[in-house]
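# Understanding the architecture of this molecule
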Amino acid sequence: EAILVEGYTDLISLYQAGVENVVAVCGTSLTEDHVKSLARFSKRLIFLNDSDAAGENATVRGIGLALAGGLTPYIVMLPAGEDPDSFARTSTREDVEAYLKEQRWSFVHFLVHRARRDGRLDQPEQETAALHEILALLDDQQQLVIQRDIRQYPVFAVVGFLKLSAELFKAGQPFLGIGGFKRGF
């Protein structure tokens, strides 16, 4: 796995703290070429960006690129006001390693957390938009792979159930849905 940070000071501090599998984009946004290069060496990409809005937005953009390039993205969110450099300089090696393990989120978990925090799951229409935002990042095969992650969130389980029920209904298959409805009822 590779840990992606924004700048060279982040990389140096993490390396000095004992994290050797770290790479930096150094002042530019993550690109398809970066992802292709990383994919030669790793199948997992861990985003460890600054804990500000710019770092979070860079993470969201990077998730789509990582998925398109065949990498599985994970996210580690730092405490408020921290960046990888400051975090590594004020923590022991053991603390850094433990934090990277314990705070690793799947990209689905990260996107749902972000949507919930931003109030984008307060209304059914917003829930649908959040689901579409996540699914837009994925191709069909990737959608199947992450179903286990999505199912842990009640809104997505319900949307998935309704989608399956609608598909069975269109196909003329008898099914029991909410309240035991059957086609032709």
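Residues numbered from 1 in each chain as written. Predicted model: local features only at pLDDT ≥ 70, side-chain atom pairs only at ≥ 80, totals over all residues. Heavy atoms only, no water.

Attention now moves to the overall build of the protein chain. The number of helices and strands found in the protein chain is 10 helices and 5 strands. When burial is assessed residue by residue, the protein chain has 38% of its 185 residues classed as buried. Relative to all contacts within the protein chain whose residues are 6 or more apart in sequence, the contacts with residues 24 or more apart total 60%. Accessible area for the protein chain stands at about 10,900 Å²; split by element, carbon and sulfur atoms hold 54% of it. (Helix = DSSP H or I, 4+ residues; strand = E, 2+ residues; numbered from the N terminus. Buried < 20%, exposed > 50% of the residue type's maximum accessible area, 1.4 Å probe, protein only. Contact = heavy atoms within 4.5 Å. Areas by Shrake-Rupley, 256 points an atom, 1.4 Å probe, with all protein chains shown as cover.)

Our focus in this paragraph is the environment of Ser 51. Secondary-structure assignment places Ser 51 in the loop between strand S3 (44-47) and helix H3 (53-68). Expressed as a C-alpha distance, the spacing of Ser 51 and Met 77, which sit 26 residues apart in the sequence, is 6.6 Å. Within the local environment of Ser 51, its side chain forms a polar contact with the backbone nitrogen of Gly 81, the two atoms lying 3.0 Å apart. (Polar contact = N/O pair within 3.5 Å; in protein donor to acceptor, adjacent residues only side chain to side chain.)

Now for the pairing of strand S4 (residues 72-76). Alignment of S3 against S4, held across 4 bridges, turns out to be parallel. By the bridge assignment, Leu 45 is partnered in S4 with Pro 73. For the crossover from S3 across H3 to S4, the handedness is right-handed. Pairing between S4 and strand S5 (residues 104-106): 3 bridges, direction antiparallel. Considered in S5, the bridge of Tyr 74 is made with Ser 106. (Pairing = 2+ DSSP bridges. Right-handed = clockwise from strand over helix to strand, strands pointing away.)

Below, the discussion takes up the confidence of the model for the protein chain. Residues with a pLDDT of 70 or more make up 74% of the protein chain, whose mean pLDDT is 79. This model gives residues 171-185 a pLDDT under 50, and the stretch forms 15 contacts once residues within four places in sequence are excluded. (pLDDT = per-residue confidence, 0-100.)

Another aspect to go through is the packing of helix H6 (residues 107-117) against helix H7 (residues 124-136). Between H6 and H7, whose axes approach to 11 Å, the crossing angle comes to 150°. Here H6 is positioned roughly antiparallel relative to H7, judged by the angle of their axes. With respect to the hand of their crossing, H6 and H7 are arranged in right-handed fashion. For the pair H6 and H7, the contacting residues are Leu 111, Val 112, Arg 114 and Ala 115 in the first and Ala 130, Glu 133 and Ile 134 in the second. Broken down by class, the residue content of the contact of H6 with H7 amounts to 5 nonpolar, no polar and 2 charged. (Axes fitted to C-alpha atoms, helices over the stretch in contact; angles between N-to-C directions. Parallel < 35°, antiparallel > 145°, perpendicular 65-115°, else oblique. Left-handed = near helix turned anticlockwise from the far one by under 90°. Nonpolar A, V, L, I, M, F, W, Y, C, P; charged D, E, K, R; others polar.)

What follows covers the pairing of S3. Sheet topology places strand S1 (residues 2-5) next to S3; 3 bridges connect them, and they run parallel. Paired with Ile 3 across the strands is Ile 46, a residue of S3.

Within the secondary structure, Asp 85 sits in helix H4 (residues 84-89). On the basis of relative accessibility, which here comes to 13%, the residue Asp 85 falls in the buried class. Apart from the residues lying within four places of it in its own chain, the contact partners of Asp 85 are Thr 9, Asp 10 and Ser 13.

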